[in-house]
Amino acid sequence: MNITWTRRRTALSRFWRDYRRQRAGLYGAAILIAAVALALLTPLVTDPAGMDVTRATGAKMAAPSLDFPLGTDESGRSVLLMTLWGSRVSLLIGFMSALLSMTIGTVTGIAAGHFRGWTSAVLLRITDWFLVLPSLVLALVLAAILGGGTSTIILAIGVTSWASTARLIRAQTLSVEARPYIERSRALGAGHWHIMTRHVLPNVAPLVLANTTLQVASAIVAESTLAFLGADSGKVSWGGMLRGSYDWGAATSGAWWYVLAPGLCIVAVVMAFTLCGRALEAVLNPRLRGVSR
Amino acid sequence: MTAPSEVDPGTPFDVEPAGPAGPGGERGARRTVLRYALAKAGGAVLSIGMVIVATFFLFRLIPGDPAIAYTRDVPLDPAQLDRLRHQMGLDKPLMQQFLDFVGRTLTLDLGTSYEYKRPVADLIAERVGPTLVLVGTGLVIAVSLGLWQGTRAAWKHGSRFDRFSTGLSLVLWSVPTFWLGLLLLMVFAAGVGPIPGIFPTRGMEDVDAPDGPLYLLHVAHHLVLPCLTLVAVVYAQYLLVMRSSLLDEIGQDYVTTARAKGLRDDQVRRRHAVPNALLPTVTLVFIHIGFVVGGAVSVETVYSWPGLGLLFYEAIQGPDFAVMQGTFMVVCTAVIVMNTLADVAYHVLDPRVRSA
């Protein structure tokens, strides 16, 4: 076992000790683990045939009963089953688009902070442009133009939500690059690539982690909103279910189960991600520790 | 969507240190402000230019022939189709098409709707009013409520009120706007169990809308639920921003000084801490205007409020790319202009930024 690994292990156990103190973060993590486990187990414990409109067995828009604990939708499918399968689509799109957004944001942020002059100015202008524009409207336009599909939705959300990350990472990069050891390594002949990947990236990584967690939360909200407004991936997601409930007029005709089930799932998962993200931030950013924020 | 405001990357725009405050004094300061305003206006023009360029190239990515899309798949013989393509300028080289597009856009000719066969600019003009009513009312309520509650929460931070406020804004932030709209629709417009619905479910006015002053009341009655939804989602952000901004001020020396002078707690808050905390908050209010616009699309869709957001939503369902394109450009331009105004106002109002 070499020395770096021992150091990393102690750092990790220290991190866990600090994180454990964040009660809200623990609740968030518990909800998340449960949600991801359910999403992964769904294909093993349920029959996808129930998702097929033509083979649905229930009555149309039936209230919750023993056979259908969360009632049925307009074509007689079990809302519980749809919610379980929908979690897979919502979580997948949430994770993937957050990943895409974080990658673009981190690369742009580090580059904008590291380089001077033109590169930085152009990158900053593009970042500000994306920051100011209404991202939901832009994502809707992208999804409408590129046509449906899971990857389109991931792209539309990822491409429109990276700007605040880039800002954050740039600020952090600037403060890292002002430290003397960067100057030392530059004097020893380190190039741009070496400084950015070996010195800046490890230093901003914790921030990226905390921010990704928060980003997943907003990506899931964005996905559900896009699906509700008609830009869906073609598969049943929580937002798509709510869209179905709206088209059918579930909210005004008293079919509360169809509105509540997917909506509460979105809120629970999004809150869990937000709580985890805030807990991570509190642990990784000691400046926040004293003040109760 | 933006992340909760506390993780906002500080000031979302550059605070450029103005040159050394030389002997120029007041006049020098004014000139700096003017130069700053001009630079920002230039930036805004550039941003709007980027919107136009991006729009042109984005909407050329649409698969299929725009002429066929325009006819809505009504079969045409090749000669008719060619004539239509010529009318739409599709037979010209790309560069020429681009220049034509820029020229038309600058003269506010936004094309013809596929759906309505009417100028997009007219459609947009008809829909601006309702959106302004909804977003304007919503913003005024959200800002006043958010600032008030944020101030109270920060001043007594750690108190029950503070924990309640932070918790509430976390929950509201996690709730998708449209779902909150559906919930309110379910409870207050459709009614739950024995409780009847007390608000209309859709639109801005009914066919039997009364005339005169009663008309305002009629619209206000329709406005309650959409406005409530928008406020709930937006005000949480302002609350959090105001709270963290005031928390930053509370630790400052001048607040301690004000207390040491023997000022009452109330005076320290109202006369010293809040004005300083207000400036960054007010700017963030404008920075978040893009988020508000996104919220307005959802809200207008859920309640069929006849504004720009609903027009945009209908264009997506069509799809009516001409309307989508026009609405997109108009909304983006409005957001950029608002932001720039806020940015310059901030610079004028806050001397700390100028002489940093």
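Residues numbered from 1 in each chain as written. Chains lettered and ligands numbered in written order. Predicted model: local features only at pLDDT ≥ 70, side-chain atom pairs only at ≥ 80, totals over all residues.

Trainee: Would you explain the overall build of chain A in this entry?
Mentor: Across its full length, chain A holds 11 helices and zero strands. Its helices and strands taken in sequence order, chain A reads α-α-α-α-α-α-α-α-α-α-α from the N to the C terminus. Dimensions of chain A, computed from C-alpha atoms along their principal axes, come out at roughly 75 × 45 × 35 Å. Split into buried and exposed, the 293 residues of chain A put 47% on the buried side. (Helix = DSSP H or I, 4+ residues; strand = E, 2+ residues; numbered from the N terminus. Buried ≥ 20, exposed ≤ 12 C-beta atoms within 10 Å, placed from the backbone.)

Trainee: How should I be thinking about the overall build of chain B in this particular structure?
Mentor: Assigned secondary structure in chain B consists of 14 helices and zero strands. Reading the helices (α) and strands (β) of chain B from amino to carboxyl end gives α-α-α-α-α-α-α-α-α-α-α-α-α-α. Counting over 356 residues, chain B shows a buried share of 39%. Considering only contacts in chain B between residues 6 or more positions apart, those separated by 24 or more positions represent 72%. (Contact = placed C-beta atoms within 7 Å.)

Trainee: Where do I start with the nonpolar core in this structure?
Mentor: Within soluble globular proteins, side chains that are nonpolar tend to cluster in buried spots. The biggest cluster of nonpolar side chains holds 158 residues, and the ones touching the most others in it are Val137, Ala139, Leu140 and Leu226 of chain A together with Leu182 of chain B. Discounting chain neighbours no more than four positions away, the residues touching Leu182 of chain B are Leu242, Tyr246, Ala251 and Val259 of chain A together with Val302 of chain B. (Core = buried A, V, L, I, M, F, W, Y, C linked by C-beta atoms within 7 Å.)

Trainee: Where do I start with the interface of chain A and chain B in this structure?
Mentor: Interfaces are frequently sized by the accessible area removed from exposure as the parts join. Taken together, the 48 residues of chain A in the interface contact 54 residues of chain B. Listed by contribution, the elements that provide at least two residues to the side of chain A that touches chain B are α4 (118-132), α5 (135-146), α7 (163-177), α9 (192-228), α10 (238-248) and α11 (256-284) of chain A. Class assignment for the residues of the side of chain A that touches chain B results in 30 nonpolar, 14 polar and four charged. (Nonpolar A, V, L, I, M, F, W, Y, C, P; charged D, E, K, R; others polar.)

Trainee: Looking at this model, I keep getting lost on the environment of Ala277 of chain B. Mind explaining?
Mentor: Within the secondary structure, Ala277 of chain B sits in helix α10 (residues 265-287). In this structure, Ala277 of chain B is in contact with Met242, Ser245, Leu246 and Glu249 of chain B, ignoring residues within four places of it in sequence.

Trainee: Explanation requested: the packing of helix α5 (residues 120-155) of chain B against helix α13 (residues 321-349) of chain B in the structure shown.
Mentor: The relative placement of two packed helices is expressed as an angle between their axes plus a distance between the axes. Residues and elements named next belong to chain B. Between α5 and α13, the shortest axis-to-axis distance is 10 Å and the interhelical angle comes to 55 degrees. Our classification of the angle between α5 and α13 gives oblique. Taken as a pair, α5 and α13 cross one another with a handedness that is right-handed. Where α5 abuts α13, its residues Val120, Ala121, Leu123 and Ile124 lie against Ala322, Val323, Gly326, Thr327 and Val330. For the contact of α5 with α13, the per-class residue count stands at seven nonpolar, two polar and no charged. (Axes fitted to C-alpha atoms, helices over the stretch in contact; angles between N-to-C directions. Parallel < 35°, antiparallel > 145°, perpendicular 65-115°, else oblique. Left-handed = near helix turned anticlockwise from the far one by under 90°.)

Trainee: So what exactly am I meant to see when it comes to helix α11 (residues 289-303) of chain B here?
Mentor: Here α11 of chain B is 15 residues long and its end C-alpha atoms lie 21 Å apart, about the 21 Å a rise of 1.5 Å per residue gives. Of the residues one or two after α11 of chain B, Ser304 of chain B is the one with positive phi, at around 50 degrees. (Expected span 1.5 Å × (residues − 1).)

Trainee: What am I meant to see in the UniProt feature "transmembrane region" (unreviewed entry) in chain B here?
Mentor: In the UniProt entry, the feature "transmembrane region" (unreviewed entry) is given for residues 37-62, 128-149, 170-195, 215-236, 277-299 and 328-349 of chain B. For the annotated span residues 215-236 of chain B, helix accounts for 100% and strand for 0% of the residues, and the straight-line distance between the end C-alpha atoms is 31 Å. (UniProt positions renumbered as here; feature names shortened; annotations may be inferred.)

Trainee: Is there a simple way to think about the confidence of the model for chain B in this case?
Mentor: A low pLDDT means the predicted coordinates there should not be read in detail. Residues and elements named next belong to chain B. Looking at chain B, the pLDDT average stands at 80 and 87% of residues meet or exceed 70. Here residues 1-24 is modelled with pLDDT under 50, and outside its nearest four sequence neighbours on either side it reaches 47 contacts, counting other chains as well. Reported confidences for the modelled complex are a pTM of 0.85 and an ipTM of 0.86. (pLDDT = per-residue confidence, 0-100.)

Trainee: Please clarify how the environment of Met50 of chain B should be interpreted in this entry.
Mentor: Residue and element names in this part refer to chain B. Within the fold, Met50 resides in helix α1 (residues 25-60). Residue class for Met50 comes out partly exposed when judged on the 16 C-beta atoms lying within 10 Å of it. Taking the C-alpha atoms as reference, Met50 lies 17 Å from Gln97; in sequence the two are 47 residues apart.

Trainee: Sorry if this is basic, but what is going on with the UniProt feature "transmembrane region" (unreviewed entry) in chain A here?
Mentor: Residue and element names in this part refer to chain A. Under the UniProt annotation, the feature "transmembrane region" (unreviewed entry) is placed at residues 24-45, 91-115, 136-159 and 255-280. When the span residues 24-45 is considered, its composition is 100% helix and 0% strand, and the gap between its end C-alpha atoms is 31 Å. Measuring from the first to the last C-alpha atom of residues 255-280 gives 39 Å, for a span that is 96% helix and 0% strand.

Trainee: Sorry, what's going on with unusual backbone geometry here?
Mentor: Glycine aside, residues mostly have negative phi angles, and peptide bonds mostly take the trans form. All names here are of chain B. The backbone phi angle of Leu108 is positive, close to 65 degrees, even though this residue is not glycine. By the element assignment, Leu108 lies in the loop between α4 (94-106) and α5. Overall, the presence of 13 C-beta atoms within 10 Å leaves Leu108 in the partly exposed class. Phi at Ser304 is positive, roughly 50 degrees, even though this residue is not glycine. Tracing the backbone shows Ser304 in the loop between α11 and α12 (308-317).

Trainee: For this particular structure, what's the right way to read the environment of Leu311 of chain B?
Mentor: All names here are of chain B. Residue position: Leu311 is located in helix α12. Residue class for Leu311 comes out buried when judged on the 25 C-beta atoms lying within 10 Å of it. Considering only alpha carbons, one finds Leu311 and Thr327, 16 residues apart in sequence, at a separation of 7.9 Å. Aside from chain neighbours lying at most four places away, what touches Leu311 is Leu123, Arg127, Val323 and Thr327.

Trainee: Teacher, can you tell me more about the packing of helix α2 (residues 23-45) of chain A against α11 of chain A here?
Mentor: All names here are of chain A. Here α2 crosses α11 at 135 degrees, and the two axes come no closer than 8 Å. The pairing of α2 with α11 is recorded here as oblique in orientation. Helix-helix and strand crossings are classified by hand; for α2 and α11 the assignment is left-handed. Every residue of α11 that contacts α2 at Ala24, Gly25, Tyr27, Gly28, Ala29, Ile31, Leu32 and Ala35 is listed here: Ala268, Val269, Ala272, Phe273, Leu275, Cys276 and Ala279. A class-by-class count of the residues in the contact of α2 with α11 yields 13 nonpolar, two polar and no charged.

Trainee: What am I meant to see in the confidence of the model for chain A here?
Mentor: Residues and elements named next belong to chain A. Per-residue confidence for chain A averages 84 on the pLDDT scale, and 95% of its residues sit at or above 70. Across chain A, helix α6 (residues 150-160) holds the top mean pLDDT of 91, while helix α1 (residues 3-20) sits lowest at 84. Note on residues 289-293: pLDDT under 50 across the span, and eight contacts to partners over four residues away in sequence or across chains.

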